[in-house]
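A closer look at the structure
As a plain string of letters, each chain reads:
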Amino acid sequence: MELEVDGIEQAVSTGALPGWERVDHLVGSAYERYRSRTAGAVADYIPALARVDPDLFGVAVADVGGRVHTIGAAGHDFSIQSISKAFVYALVCDALGHTVVADRVGVDNTGFGFNSVIAIELNNGHPMNPMVNAGALATTALVPGETPAAQWEYIRTGVSRFAGRFLELDGDVYQSEMLTNQRNKAIARLLESYGRITIDPLDVVDVYTRQCSLLVNARDLAIMGATLADGGVNPISGQQVVSPHVCQDTLSVLAAAGMYQRSGEWLYEIGLPAKSGVAGGIVAVAPGKGAIGTFSPRLDEAGNSVRGQRATAYLSRTLGLNVFASAATTRHLPQP
Ligand code: GLU
């Protein structure tokens, strides 16, 4: 208990989460601490997203034992958006294997925005990683299924298994994005021109837009993240959703590129693999322990929820979740 940043003492832990009451108390403190912050702006490039109440704020923590702590609007449904990229990537890795996806899609940060065309051109058509739109479209193109409908079904069923409940599609968000996603269509065509997408690119964009329109809440995100923290077993349903190795692959990709251009800064400050989406969700995963899900629609310029980042930072520090934090063991201390 030494380091102190932002007035928050840093706990260090290599074991399980603290006891029920302590976690419950800290989830409550995270909420109270940041609930009145109004910095940031709601995403409006997908018109349906601009209609959200910007004051909504929910926090959830799920552990690998299936305990879930929630506060505020943790049960409010919103579209998963880019967070779907993490779970669809996991499903495709599970179906096709580590090497195929690593070669076809890549695992390196681009340093550019999530919907960058320049990043594709600079890398000779390589999508670079599954967390930017190019890599996510290339990943969705690899989803098993003979038709777009079959691929969509595969995604919906698989992502629902992570959540442990059947996830609905937000039809308004889907329609709204389909009318305004010329850029994603252009990216898909560009990837087709480089041979990175070998099926109809507009079908891929349609399936991708559906996956982004799946409705989740902060509680779902915590459980979905806890599944990745638990070797692929959903801690509520007990179902093995993906293999432990796929969880490891997915979390390493999230660490490198889950938080848009802020991924390095995020890892430096918070020390957890995480993914955010433009509707205001964030999931952060503590391997072997559990996960944090947050929802707050006001975003910073990189597209990450402002209050979600603060609440996650607070919980990472106080719950001792930073994967890089350690404390000297007593065996190294000078003997009296
Ligand atoms: N559906 C959104 C897009 O492709 C997702 C963006 C995001 O959450 O980063 O533009």
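We now turn to the structure provided with this report. (Residues numbered from 1 in each chain as written. Predicted model: local features only at pLDDT ≥ 70, side-chain atom pairs only at ≥ 80, totals over all residues. Heavy atoms only, no water.)

Locating Phe-87 in the fold gives a position in helix α2 (residues 83-96). Separated by 21 residues in sequence, Phe-87 and Asp-108 have C-alpha atoms that sit 18 Å apart. Residues within four places of Phe-87 in sequence aside, it is in contact with Val-159, Phe-162, Met-224, Gly-225, Leu-228 and Val-283. (Helix = DSSP H or I, 4+ residues; strand = E, 2+ residues; numbered from the N terminus. Contact = heavy atoms within 4.5 Å.)

Another aspect to go through is the packing of α2 against helix α11 (residues 244-257). Closest axis-to-axis distance for the α2/α11 pair is 9 Å, and the angle between their directions is 140°. By the angle class used here, α2 and α11 are oblique. The chirality of how α2 crosses α11 is right-handed. Only Val-246, Asp-249, Thr-250, Val-253 and Leu-254 of α11 make contact with α2, whose side of the interface consists of Ala-86, Tyr-89, Ala-90, Cys-93 and Asp-94. Here the contact of α2 with α11 is built from residues that sort into 7 nonpolar, 1 polar and 2 charged. (Axes fitted to C-alpha atoms, helices over the stretch in contact; angles between N-to-C directions. Parallel < 35°, antiparallel > 145°, perpendicular 65-115°, else oblique. Left-handed = near helix turned anticlockwise from the far one by under 90°. Nonpolar A, V, L, I, M, F, W, Y, C, P; charged D, E, K, R; others polar.)

This part takes up the nonpolar core. For soluble globular proteins, the rule of thumb is that nonpolar side chains tend to be buried together. If you look at the biggest cluster of nonpolar residues, it comprises 62 residues, and the most contacted ones within it are Phe-87, Val-159, Phe-162, Met-224 and Val-242. Sort the elements by how many residues they give to this core and α2 lands first, with 9 residues. Once residues lying within four places of it in the same chain are set aside, the contact partners of Val-242 are Ala-90, Leu-91, Asp-94, Phe-162, Gly-231, Gly-232 and Cys-247. The next biggest cluster of nonpolar side chains, apart from the first, holds 26 residues, and it includes Tyr-34, Ala-274, Ile-282 and Leu-321. (Core = buried A, V, L, I, M, F, W, Y, C linked by side-chain atoms within 4.5 Å. Buried < 20%, exposed > 50% of the residue type's maximum accessible area, 1.4 Å probe, protein only.)

Now for the side chain of Asn-181. Along the polypeptide, Asn-181 turns up in the loop between α7 (171-180) and α8 (182-193). Excluding residues within four positions of it along the chain, Asn-181 makes contact with Val-205 and Thr-209.

A word on the site of the ligand. As a matter of local geometry, the ligand sits amid Tyr-45, Gln-81, Ser-82, Phe-114, Asn-133, Glu-177, Asn-184, Tyr-208, Cys-212, Tyr-260, Gly-277 and Val-278. In this structure, Asn-184 approaches the ligand through a side-chain N or O atom, which is 2.9 Å from an oxygen atom. The fraction of the free accessible surface of the ligand (300 Å²) that becomes covered by protein chains is 98%. Among the residues forming the shell around the ligand, the class breakdown is 6 nonpolar, 5 polar and 1 charged. (Near = heavy atom within 4 Å. Polar contact = N/O pair within 3.5 Å; in protein donor to acceptor, adjacent residues only side chain to side chain. Areas by Shrake-Rupley, 256 points an atom, 1.4 Å probe, with all protein chains shown as cover.)

Of all 6 residues in strand β10 (residues 290-295), 6 are buried, a share of seventy percent or more. A two-sided burial pattern is seen for β10, the buried positions comprising Gly-290, Ile-292 and Thr-294 on one face and Ala-291, Gly-293 and Phe-295 on the other. Here strand β4 (residues 58-63) runs beside β10; their pairing, made up of 6 bridges, is antiparallel. Paired with Val-61 across the bridge in β10 is Ile-292. Counted between consecutive antiparallel strands, the loop separating strand β9 (residues 281-286) from β10 contains 3 residues, among which Gly-288 sits at a positive phi close to 80°. (Pairing = 2+ DSSP bridges.)

Reading across the sheet, the 5 strands line up as β5-β4-β10-β9-β8 and stay open at both edges, with antiparallel pairing between neighbours. Both outer strands of the open sheet, β5 (68-72) and β8 (274-276), are each paired with one neighbouring strand and no more. Going from strand to strand, the sheet's axes swing by 10° on average, the running direction of each strand aside. Taken together, the 5 bridges between β4 and β5 define a ladder with antiparallel strand orientation. Each residue of the ladder has a partner; that of Gly-58, found in β5, is Gly-72. Against the sheet, helix α10 (residues 218-229) engages β4, β5, β9 and β10, with an angle of about 155° to β10. Contacts from helix α13 (residues 306-318) reach β4, β9 and β10 within the one sheet, and its direction differs from that of β10 by about 155°.

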